[in-house]
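# Coordinates in review
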Amino acid sequence: MNMFGIIFNLFWWIIAGILIGMFAGRKNRNSYVWGFIGGFPPATIIVLLILAFMPYLCPKCHRPLKDQERKDKNCSVCGLLSNSENQTS
Ligand SMILES: [Zn+2]
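Keep in mind it's a predicted model, so treat the numbers as computed, not measured. (Residues numbered from 1 in each chain as written. Predicted model: local features only at pLDDT ≥ 70, side-chain atom pairs only at ≥ 80, totals over all residues.)

This part is about the overall build of the protein. When helices and strands are counted, the protein shows five helices and zero strands. Reading the protein from its N end, one meets helices and strands in the order α-α-α-α-α. The buried share of the protein, reckoned over its 89 residues, is 13%. (Helix = DSSP H or I, 4+ residues; strand = E, 2+ residues; numbered from the N terminus. Buried ≥ 20, exposed ≤ 12 C-beta atoms within 10 Å, placed from the backbone.)

Take a look at the structure:
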């Protein structure tokens, strides 16, 4: 591998790692682990696809949320955010 290739791969790792880390963080997953693995150049696309199909996790009890639960911000196990939103009306 030549010098340009090494620099390109390092650059890719950092940029892709940050983007995938942010994406993982939005799903309440470990952004450091996902970013580190996902930034690895041959793995980026695969990791991105896997992450896209993985469900969101509840930030409180880390249980996978169903689509409807996520929209309602209502985890059926720990009742996340349901109290504060219902009290406004
Ligand atoms: Zn929960």
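Back to the write-up after that little detour.
Before going further, it helps to spend a moment on the packing of helix α2 (residues 31-39) against helix α3 (residues 44-53). In helix packing, the relevant descriptors are the interaxial angle and the interaxial distance, both defined with respect to the helix axes. For the pair α2 and α3, interaxial distance at closest approach is 7 Å and the crossing angle is 140°. Between α2 and α3, the crossing angle belongs to the class labelled oblique. Residues Trp 34, Ile 37, Gly 38 and Gly 39 of α2 touch α3, and the partners they reach there are Thr 44, Val 47, Leu 48 and Leu 51. Counted by class, the contact of α2 with α3 contains five nonpolar, three polar and no charged residues. (Axes fitted to C-alpha atoms, helices over the stretch in contact; angles between N-to-C directions. Parallel < 35°, antiparallel > 145°, perpendicular 65-115°, else oblique. Contact = placed C-beta atoms within 7 Å. Nonpolar A, V, L, I, M, F, W, Y, C, P; charged D, E, K, R; others polar.)

Right, let's talk about the confidence of the model for the protein for a bit. Across the protein, pLDDT averages 89, with 89% of residues at or above 70. Across residues 85-89, where pLDDT falls below 50, the model places one contact with residues more than four positions away in sequence or in other chains. (pLDDT = per-residue confidence, 0-100.)

It is the contact of helix α1 (residues 3-26) with α3, at a shortest axis distance of 11 Å, that shows an interaxial angle of 10°. Relative to α3, the element α1 is oriented roughly parallel. Contacts between α1 and α3 involve Ala 16, Ile 20, Phe 23 and Ala 24 from the first element and Thr 44, Val 47, Leu 48 and Leu 51 from the second. Across the contact of α1 with α3, the residue classes break down as seven nonpolar, one polar and no charged.

A separate point is α2. Along α2, the residues classified as buried are Trp 34, Gly 35, Gly 38 and Gly 39. Seen along its axis, α2 keeps its buried residues to an arc of 115°; they face one direction. Opposite the packed face of α2, turned more than 90 degrees from it, sit the exposed residues Tyr 32 and Val 33. Buried residues along α2 sit against α1 and α3. (Arc of directions from axis to C-beta.)

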